[in-house]
Amino acid sequence: GQPEVDDLKRTMGTRTFVAQAQQNPTSEIGNILKRQWWRYYKVLPSGFDLVVTSWDMSFKETEDGSYVVGQLWGKRNADYYLLAQKRQRCDFAEALQMVILMAQQHPEARAHLVEDKANGPAIISALQKKISGLLPVPPIGSKIARAQAVSPIVEAGNVYLPEPATHPWVADFIEECAAFKGTGGEINDQVDSFSQALNWFHSAMLVDKSELMDDGISFIGED
């Protein structure tokens, strides 16, 4: 039962649990995204340059299928902070509610990034009159290429996560990132959401801020 599974995971640790209970061992170091690269925060900066949500969508509600993942990211100078995450297997209606709820809970998020393929366009079409700042993000390159593009930022120590001791879901996030190879059959929705956010931040900072403001996105601390 679920209580027994949760207890095993808690006592064994995420990495050992995945290896033994799911028969999916990962290396001690990690693959594209190494375990030791991540940094953690206890106290957040006083403010952020920009806060966004990043969404990876899958509506097929099965016991072993992909998840809908929504992450809240804040950028401060050269650093990126994962502030919150919602992750569950759900159908279309439940996915809509996840996006609405996160937008309501975090009004500081000025943009909501939705992958512009598969189920993403349906979400944008259903919510564009209810939530401002919904942006379709076309995936450029393969999953591997997108993860490799952001791996130097993690390696350089510019990506901060909540403390796993107080946010248990962070251990699952790290495990998925360490196991990620971009091969078929992987569940890598957290990696997709994360790489989408950081790649978008990078591309957004390369264009003039006035272009973003024309799209209704303002920068915190600016009129």
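The structure we're discussing is the one just above.
Residues numbered from 1 in each chain as written. Predicted model: local features only at pLDDT ≥ 70, side-chain atom pairs only at ≥ 80, totals over all residues. Heavy atoms only, no water.

Draft legend 1. Structural detail: the overall build of the chain. Secondary structure summary: the chain contains eight helices and seven strands in total. Taken across its 223 residues, the chain has 45% of its residues classed as buried. The contacts in the chain between residues at least 6 apart in sequence include a share of 65% that link residues at least 24 apart. When the accessible surface of the chain is summed, it comes to about 11400 Å², and 50% of that surface belongs to carbon and sulfur atoms. (Helix = DSSP H or I, 4+ residues; strand = E, 2+ residues; numbered from the N terminus. Buried < 20%, exposed > 50% of the residue type's maximum accessible area, 1.4 Å probe, protein only. Contact = heavy atoms within 4.5 Å. Areas by Shrake-Rupley, 256 points an atom, 1.4 Å probe, with all protein chains shown as cover.)

Draft legend 2. The arrangement of the pairing of strand 7 (residues 159-162) in detail. As paired strands, strand 1 (residues 39-41) and strand 7 are joined by three bridges and run parallel to one another. Note that in strand 7 the partner of Arg-39 across the bridge is Tyr-160. Bridging between strand 4 (residues 79-88) and strand 7 involves two bridges; their strand directions are parallel. Opposite Tyr-81, over in strand 7, you have Tyr-160 as the bridge partner. (Pairing = 2+ DSSP bridges.)

Draft legend 3. Highlighting the packing of aromatic side chains. According to the stated counting rule, one finds nine aromatic pairs in the structure shown. Between Trp-38 and Phe-173, the ring centres sit 5.4 Å apart and the planes meet at 70°, which makes this aromatic pair edge-to-face. Residue Trp-38 is found in the loop between helix 2 (14-21) and strand 1, and its partner Phe-173 is found in helix 6 (residues 169-179); the two are separated by 135 residues along the sequence. Plain terms: the ring middles of Phe-173 and Phe-194 are 6.0 Å apart, the flat faces sit at 85° to each other, and that makes the pair edge-to-face. (Phe/Tyr/Trp six-rings, centres within 6.5 Å; stacked < 30°, edge-to-face > 60°.)

Draft legend 4. Examining the nonpolar core more closely. Counting residues in hydrophobic clusters, the biggest one holds 31 residues, and the most contacted among them are Trp-38, Trp-73, Phe-194, Leu-198 and Trp-200. Where this core is concerned, the elements lending two or more residues are strand 2 (50-56), strand 4, strand 5 (111-115), strand 6 (134-137), helix 5 (143-155), strand 7, helix 6 and helix 7 (189-205). It is helix 7 that provides the largest number of residues to this core, a total of seven residues. Formed by 17 residues, the second largest nonpolar core is a distinct cluster that contains Ala-95, Leu-96, Met-98 and Leu-127. (Core = buried A, V, L, I, M, F, W, Y, C linked by side-chain atoms within 4.5 Å.)

Draft legend 5. Quick peek at the environment of Ser-132. Summarising the element assignment, Ser-132 is placed in the loop between helix 4 (120-127) and strand 6. Sequence separation between Ser-132 and Ala-111 is 21 residues, and the spatial gap between their C-alpha atoms is 7.7 Å.

Draft legend 6. Local environment of the pairing of strand 4. Of all ten residues making up strand 4, eight are buried, and the element is well covered by its neighbours. For strand 3 (residues 68-76) and strand 4, the ladder comprises nine bridges, and the chain directions are antiparallel. Across the sheet, the residue bridging to Gly-74 is Tyr-81, located in strand 4. Joining the antiparallel neighbours strand 3 and strand 4 is a turn of two residues, in which Asn-77 adopts a positive phi near 55°.

Draft legend 7. Inspection of helix 5 at higher detail. The end-to-end C-alpha distance of helix 5 is 18 Å, a good match for the 18 Å that 13 residues give at a rise of 1.5 Å each. Considered for burial, the residues of helix 5 that qualify are Arg-146, Ala-147, Val-150, Ser-151, Ile-153 and Val-154. Positive backbone phi, at 85°, marks Gly-157, one or two positions downstream of helix 5. (Expected span 1.5 Å × (residues − 1).)

Draft legend 8. Expanded view of the side chain of Arg-146. Structurally, Arg-146 can be placed in helix 5. For Arg-146, the contacting residues outside a window of four places in its chain are Glu-115, Pro-139, Ile-140, Gly-141, Asp-192, Ser-195 and Asn-199.

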